[in-house]
Each structure stands twice: as C-alpha cells, then as structure tokens.
Amino acid sequence: MGRKAFWTITAALALPLAANPAFAQGQGVHCMQGQYSAEQTEELRELGPNLVTGSQIHQEVFDRMGDIAMTAVQSCGRSNRWNEEQSRFATLYELGRINEITYRKSGRLTEDQLQRLDSALATGNHERLWSIIENSVYQGMNEGDGAMGEGDAMVIGAFIVSAGLNTGSESEAVAERIGIILGFMGLQRIGRREFDTLH
C-alpha cells in the first residue's frame, strides 16, 4: 500500500459515523470484526478473487476494501475514544486482516497449501522471517519498492521449502502468493503491536 492511499484512509477517521457503540467498546483491534453489515461482508467476499493477479495487487480493489474497513475503524474509534495514532494502527491491522481473509478465500492458494503455511508458522522461531516481512511492508507504506536483499530472500525461500510449498512447476507462483499473504499478516502484526504500545 502506498503512502498516499494509507493517509487517505486514516485521514477520514474523524468523519461522522453510525455505529453500535455498546458492542464496540473495550475490544482493542478486535473490535472491528463485529462492525460490518451483511452487505459489506458480501461485498468483501466478492472483491476477494479480484484483489491480486499474479503478484500484483489491484489498487482499485484494495482501495475499495480500505473504504469498507474504514467504516469499521471509525465505529470502534469513536466508541473507544481512540486518538489519531491508535486509529492509524487499528487501520493497518484491519486492512491486513480483511485482505488476508479475502485472499485466503480467493482460491489463489489451495487448502493444502494454506494448511502447510499455517502449520509451518505455528512451529519454530520465525522472528527473522517476520522482521524481513515487516520491513518490506514498511518500505511499501513509505513508497519504497519493498525489494529485499539476497540474504532476506534466502530466509523466505528456506521457510517455503521447509513448509513443503516449493513442489511442482508452479513453485515460483506459489512463492509469490505466500509472500502476499505473509505481507497481509505482517501488516496485522505491525498494527496490533503498535496499537498495544499506545495503551
């Protein structure tokens, strides 16, 4: 996500909103999960398959998902009296969360591949992996290209191999898709961690 798109989303957090304040209070970044209407949930489901082609995120689709997410963040921000920084990091978290969910449901990765990914992430120490992913996300937010050095690429490659996700003729395409979903997870990690430090 570019800097312009990020600030466009977060700058609107002070707009008036209609919300369910009793439900929204006291849940931290998890508050947003209960703030979507049935229509918004359905639209997110329909947008999911169009979010990514190859390794390219479609900005128009991403921005529309951001617009939907913003209504949930606004609702929670108003109910919980979040300041600008809290709202900003809650937005990061929520963008990562809904994009991960829709990407998982898009069919770009098979159920077996997703299970292998989740199993691999659930075991062992992945601090170095997440450091690389989060650094790439930060670069993307600041209009960098998100490119990583050879050593960092080798760490991610080793993770993919250890997870059993490098098989077949589509290994390169699968690696790109894994990179995308890890990026969405990294966005959530940054948003949640930075939000929590503000409490």
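Residues numbered from 1 in each chain as written. Predicted model: local features only at pLDDT ≥ 70, side-chain atom pairs only at ≥ 80, totals over all residues. Heavy atoms only, no water.

The next thing to look at is the nonpolar core. The biggest cluster of nonpolar side chains holds 50 residues, and the ones touching the most others in it are Met32, Leu117, Leu121, Phe159, Ile178 and Leu182. Listing elements by their share of this core, those giving two or more residues are helix H3 (38-47), helix H4 (59-80), helix H5 (84-104), helix H6 (111-122), helix H7 (127-141), helix H8 (150-162) and helix H9 (171-197). The element contributing the most residues to this core is H9, with ten residues. Each residue touching leucine 182, except ones within four places of it in the same chain, is listed here: Leu117, Leu121, Trp130, Ile133 and Phe159. (Core = buried A, V, L, I, M, F, W, Y, C linked by side-chain atoms within 4.5 Å. Buried < 20%, exposed > 50% of the residue type's maximum accessible area, 1.4 Å probe, protein only. Helix = DSSP H or I, 4+ residues; strand = E, 2+ residues; numbered from the N terminus. Contact = heavy atoms within 4.5 Å.)

Moving on to the layout of surface pockets. Reported here for the second largest pocket is a volume of approximately 200 Å³. Lining the second largest pocket are Gln33, Tyr36, Thr41, Leu44, Arg45, Arg97, Ile98, Ile101, Thr102 and Lys105. Here the lining of the second largest pocket takes four residues from H5, the largest share from any one element. Among the residues forming the lining of the second largest pocket, the class breakdown is four nonpolar, three polar and three charged. (1 Å grid on protein atoms, 1.4 Å probe; cavity = no way out; pocket = protein on both sides within 12 Å on 5 of 7 lines; lining within 4 Å. Points joined across faces, edges and corners; volume = space filled by probe spheres on them. Nonpolar A, V, L, I, M, F, W, Y, C, P; charged D, E, K, R; others polar.)

Moving on, we get to the pattern of salt bridges. Tallied over the full model, the rule gives eleven salt bridges. Its salt-bridge partner being glutamate 42, residue arginine 45 comes within 2.6 Å of it at the nearest N-O pair. Of this pair, arginine 45 and glutamate 42 both sit in helix H3, three residues apart, roughly one helical turn. (Salt bridge = Lys/Arg side-chain N within 4 Å of Asp/Glu carboxyl O.)

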